[in-house]
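A closer look at the structure
If you want the building blocks of each chain, they are given just below.
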Amino acid sequence: MTDSPKPDRLQSLDVFRGGTIAGMILVNNPGTWGAMYGPLKHAEWHGLTPTDLVFPFFLFIMGVSMAFSFAKRQSVSSVVLWQQIITRTVLLFAFGFGLSMWGWTLRYIQAPEGTPPPWENLRIFGVLQRISLCFFLAAIAMVFLRTRGIIITAVTLLLGYWAAMRFIPVPGFAPGTLAFPGNLASHLDQLILGTHAYKKIEIENVLYFHDPEGLLSTLPATANVLLGCLAGRWLREPNRDGNEKVAGLAVAAFACIAVSAFWHYEFPINKEIWTSSFTLMTSGLAMLTLAASYWLIDVRKIRTGTEPLHWLGMNPITAFVAASLYGSFSAIYRFMPANDPADPTKLIGLKTWMYNNLFLSWMPDLIGPLGTSFAYAVCTLVVFTMLAGVMYRNRIFLKV
């Protein structure tokens, strides 16, 4: 679909969204996974890195956008509104599952004869799938509830998830176990998704499964969206000036961060199982970022240098899907002999060839292996930012 940006859009929100998409592309496309700066890696289990902020920031931003878009749909009939909600939910999930199918199909085509990847390895859930489910659940709240109801719903999701994780026992493990295996979220992924989950680990001849975008942890992730909805409604307040709105966001942000910091000692910050403390910490940091962006870009009108992020922010799903398709294709597609004496039939992958010849052949002596891997990620980001820029200049905005 082609559309034009509306003149009353929050420029800061588009830039914030673009920065989040840029972060997604950057952390998902290193030259090699074996050479990455620490901040560009996810925390192994408990803890928080800058990379762990990217996905919850996007969910929060989606909630802010929903507050504005749903307000504009007040005159739309309920039938049309639900058609739009369900259509977007289905399309987002389909795009996400399509990315999984794309990667699986490439592996199937490239597999040696007689050894195709088993169907059981096809992942069902993922980033876009979680976005779709969170959008749908948050949309229900936005349609039926006022601000107080949304607050109560978000609190209920966070407290309910904490109670479930702490007090519902998993067979063979002590109640309240938050390790993997043993926690309730991973256990449900194992029961429902099985081999279609993202992560697999074998312990004492028993295979365990876990998905960081699994079913139960979608509930606290939905709270990220709802907190974004609340922030969006605050920004829509007609009787408050820009400085008041910034101050309100900052106060709410510090409150979320403070509660998260205390809750961390009982329910540790953890992206893999998306703990309630993780939701509050990431939402608080997202509110602070939004407050700063709003003050600089929409209140002070300082927009110099923000154009590339604005381009990405105007076509976020397009940029993410295109970068994901490229990442899978370049990593899996093998197109020429690898010149391996031990295996003359071995082929080299497209990404490996590009990285070896365009980066590894000369960069490590200048900036080291970590810098070289990062340089590849930056170049990938530049390419897709330029693509977003071309789309922006041609007034092409693809919406889901």
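So, here is what we can say about the structure in this document. None of the values given here were measured: they were computed from a predicted structure. (Residues numbered from 1 in each chain as written. Predicted model: local features only at pLDDT ≥ 70, side-chain atom pairs only at ≥ 80, totals over all residues. Heavy atoms only, no water.)

**What about the overall build of the protein chain?**
For the record, the criterion: Runs of E in the DSSP output that reach at least two residues are strands. Runs of H or I that reach at least four are helices, and both are numbered from the N terminus. The globule rule used for comparison is 2.2 Å times the number of residues to the exponent 0.38, while the radius of gyration itself is calculated over C-alpha atoms. Two residues form a contact once any of their heavy atoms are found within 4.5 Å. Every accessible area reported is derived by Shrake-Rupley at a probe size of 1.4 Å, with residue values counting cover from the shown protein chains alone. Charge assignment in this entry is limited to Lys and Arg as positive and Asp and Glu as negative, and neither His nor the chain termini are counted. A single reference atom marks each charge: NZ on Lys, CZ on Arg, CG on Asp, CD on Glu.
The helix and strand tally for the protein chain stands at 13 helices and four strands. In terms of overall size, the protein chain behaves like a compact globule, its C-alpha atoms giving a radius of gyration of 22 Å where 400 residues would be expected to give roughly 21 Å. Its C-alpha atoms give the protein chain principal-axis dimensions of roughly 75 × 55 × 45 Å. Counting only contacts in the protein chain whose residues sit at least 6 apart along the sequence, the fraction spanning at least 24 positions is 73%. Of the roughly 19300 Å² of accessible surface on the protein chain, 65% is carried by carbon and sulfur atoms. Placing the 29 positive and 22 negative side-chain charges of the protein chain at their respective mean positions leaves the two points 11 Å apart.

**What to know about helix α11 (residues 316-332)**
Let me state the cut-off plainly: Take the residue count of a helix, subtract one, and multiply by 1.5 Å to get its expected span. Burial classes: relative accessible area under 20% of the type maximum marks a residue as buried, over 50% as exposed, and values in between as partly exposed (1.4 Å probe, protein chains only).
Its 17 residues place the ends of α11 24 Å apart at the C-alpha level, agreeing with the 24 Å of an ideal helix rising 1.5 Å per residue. Along α11, the residues classified as buried are Pro316, Ile317, Thr318, Ala319, Phe320, Val321, Ala323, Ser324, Gly327, Ser330 and Ile332.

**What about the side chain of Asn224?**
In plain terms, the rule: Counted as a polar contact is a pair of N or O atoms within 3.5 Å, where, for protein atoms, one must be capable of donating a hydrogen and the other of accepting one, and residues adjacent in sequence contribute only when both atoms are in side chains.
Relative to the assigned elements, Asn224 resides in helix α7 (residues 218-235). Engagement of the side chain of Asn224 in a polar contact is seen with the side chain of Trp274, the distance being 2.9 Å.

**Overview of the packing of aromatic side chains**
Worth spelling out the cut-off: When two rings of Phe, Tyr or Trp (its six-membered ring) have centres within 6.5 Å they constitute a pair, described as stacked for plane angles under 30 degrees, edge-to-face for angles over 60, and tilted for the intermediate range.
This structure, assessed with the given rule, holds 18 aromatic pairs. Plain terms: the ring middles of Trp162 and Phe167 are 5.6 Å apart, the flat faces sit at 85° to each other, and that makes the pair edge-to-face. Here Trp162 falls in the partly exposed class, since its relative accessible area comes to 23%. Residue Phe167 is classed as exposed on the basis of its relative accessible area of 55%.

**Some thoughts on the pairing of strand β2 (residues 206-210)**
Convention followed: In short, DSSP must find at least two bridges between two strands for them to pair.
Pairing between strand β1 (residues 199-203) and β2: five bridges, direction antiparallel. Residue pairing for β2: Lys200 is matched across the bridge by Phe209. Between the antiparallel neighbours β1 and β2 lie two residues, among them Glu204 with a positive phi of about 50°.

**What about helix α13 (residues 364-393)?**
Counting along an α-helix, one turn takes 3.6 residues, and residues three or four places apart therefore face a common direction. Here is the rule we go by: Bend is computed residue by residue as the angle between axes fitted to the seven residues ending at the residue and the seven residues starting at it.
Over its 30 residues, α13 extends only 36 Å from the first C-alpha to the last, a length that falls short of the 44 Å expected when each residue adds 1.5 Å. Helix geometry: α13 is bent most strongly at Leu370, by close to 80°. Arg395, located one to two residues past α13, shows a positive phi value of around 55°.

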